[in-house]
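Okay, here's what each chain looks like letter by letter:
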Amino acid sequence: SMPLIAAAELTFNHTITGEALDLSDAEGADTPAAQHFLETGENLYTEVPNCLAEGEQTFLASCSGCHGHVGEGKIGPGLNDDYYTYPKNKTDKGLFETMWGGARSMMGPHSDLGVDESLKVIAWIRHFYKDDPAEATWLTEEQKANFEPYDAEHPTSVEATGECKVPEG
Ligand code: HEM
Ligand code: CA
């Protein structure tokens, strides 16, 4: 039978200081996707069509003023290409840590979004990626094979046709 041992949660660290981020009272930590992410660092919302629209709306409200409407870069760096100042942002765990704790200068913490909503924003950021899927270390091999680089010249939203539900593990 299965041993009754709770899955160990990962440690999340501030992108600049390396200090542990406190996720103990985090909002939105109780959804299946949030639980899975806190245990594994995997974002189950990646390329799930019904989960992208909300992430886009939150990105437009909280991020695009500095990073551009499709992450093309503005006062903050571009988030739609294969180069990151902090290489760990090429993993979803790293990108989450940068969002949650902030980085330098104008890049403040965005922990007010909560865990679940942050994962939807991350899924949207991964969706508007415009470069070579081979460099998309955050995608699974299967996702890489099916990924179409985003057309930043003709940006399109992904309309939800139903509830945002994660694939059953
Ligand atoms: C850096 C994401 C909101 C300004 C970054 C980086 C990420 C990121 C991933 C690191 C990029 C890299 O490694 O190349 C986000 C997300 C946001 C958000 C997802 C919304 C939740 C904002 C806002 C501002 C801002 C509102 C301006 C007030 C900056 C600046 C940097 C940066 C100036 C460079 C900081 C550094 O290099 O240490 N952001 N950001 N960001 N962001 Fe944001
Ligand atoms: Ca970049």
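A quick note: this is a predicted structure, and the numbers were derived from the prediction, not measured.

Rules used throughout
Residues numbered from 1 in each chain as written. Chains lettered and ligands numbered in written order. Predicted model: local features only at pLDDT ≥ 70, side-chain atom pairs only at ≥ 80, totals over all residues. Heavy atoms only, no water. Helix = DSSP H or I, 4+ residues; strand = E, 2+ residues; numbered from the N terminus. Rg over C-alpha atoms; globule rule 2.2 N^0.38 Å. Buried < 20%, exposed > 50% of the residue type's maximum accessible area, 1.4 Å probe, protein only. Areas by Shrake-Rupley, 256 points an atom, 1.4 Å probe, with all protein chains shown as cover. Lys, Arg positive; Asp, Glu negative; His and termini not counted. Charge placed at Lys NZ, Arg CZ, Asp CG, Glu CD. Donors = N, O, S within 2.8 Å, 3.2 Å for Na, K, Ca; no water. Near = heavy atom within 4 Å. Polar contact = N/O pair within 3.5 Å; in protein donor to acceptor, adjacent residues only side chain to side chain. 1 Å grid on protein atoms, 1.4 Å probe; cavity = no way out; pocket = protein on both sides within 12 Å on 5 of 7 lines; lining within 4 Å. Sits in = over half its atoms within 2 Å of the grid points.

As a further point, take the overall build of the protein chain. Along its length, the protein chain carries 6 helices and 0 strands. Going residue by residue from the N terminus, the α and β elements of the protein chain occur as α-α-α-α-α-α. Here the protein chain has a C-alpha radius of gyration of 16 Å; the compact-globule value for 169 residues is 15 Å, and the two agree. Considering only C-alpha atoms, the protein chain reaches an extent of 55 × 35 × 30 Å along its principal axes. Out of the 169 residues belonging to the protein chain, those deemed buried represent 44%. When the accessible surface of the protein chain is split by element, carbon and sulfur atoms take 52% of a total near 9,400 Å². A distance of 6 Å separates the average location of the 10 positive side-chain charges in the protein chain from that of its 30 negative side-chain charges.

Next up on the list: the coordination of the calcium ion (ligand 2). Within the first shell, the calcium ion (ligand 2) binds the protein through Gly-78 (O), Asp-81 (OD), Asp-81 (OD) and Tyr-83 (O), at distances of 2.3 to 3.0 Å. The motif formed by the donor residues of the calcium ion (ligand 2), counted along the single chain, is G-x2-D-x1-Y. Classification of Gly-78 by relative accessible area gives buried; the value is 17%.

Around ligand 1 there are 23 residues in total, and Cys-63, Cys-66, His-67, Tyr-86 and Met-107 lie nearest to it. Contacts to ligand 1 include His-67, whose side-chain N or O atom sits 2.8 Å from a nitrogen atom. Residue Arg-104 places a main-chain N or O atom 2.9 Å away from an oxygen atom belonging to ligand 1. More than half of the atoms belonging to ligand 1 lie within 2 Å of the grid points that define the largest pocket. The greatest single-element share of the shell around ligand 1, amounting to 3 residues, is contributed by helix 4 (residues 92–101).

So far we have only geometry, and geometry alone does not tell us how the molecule works.
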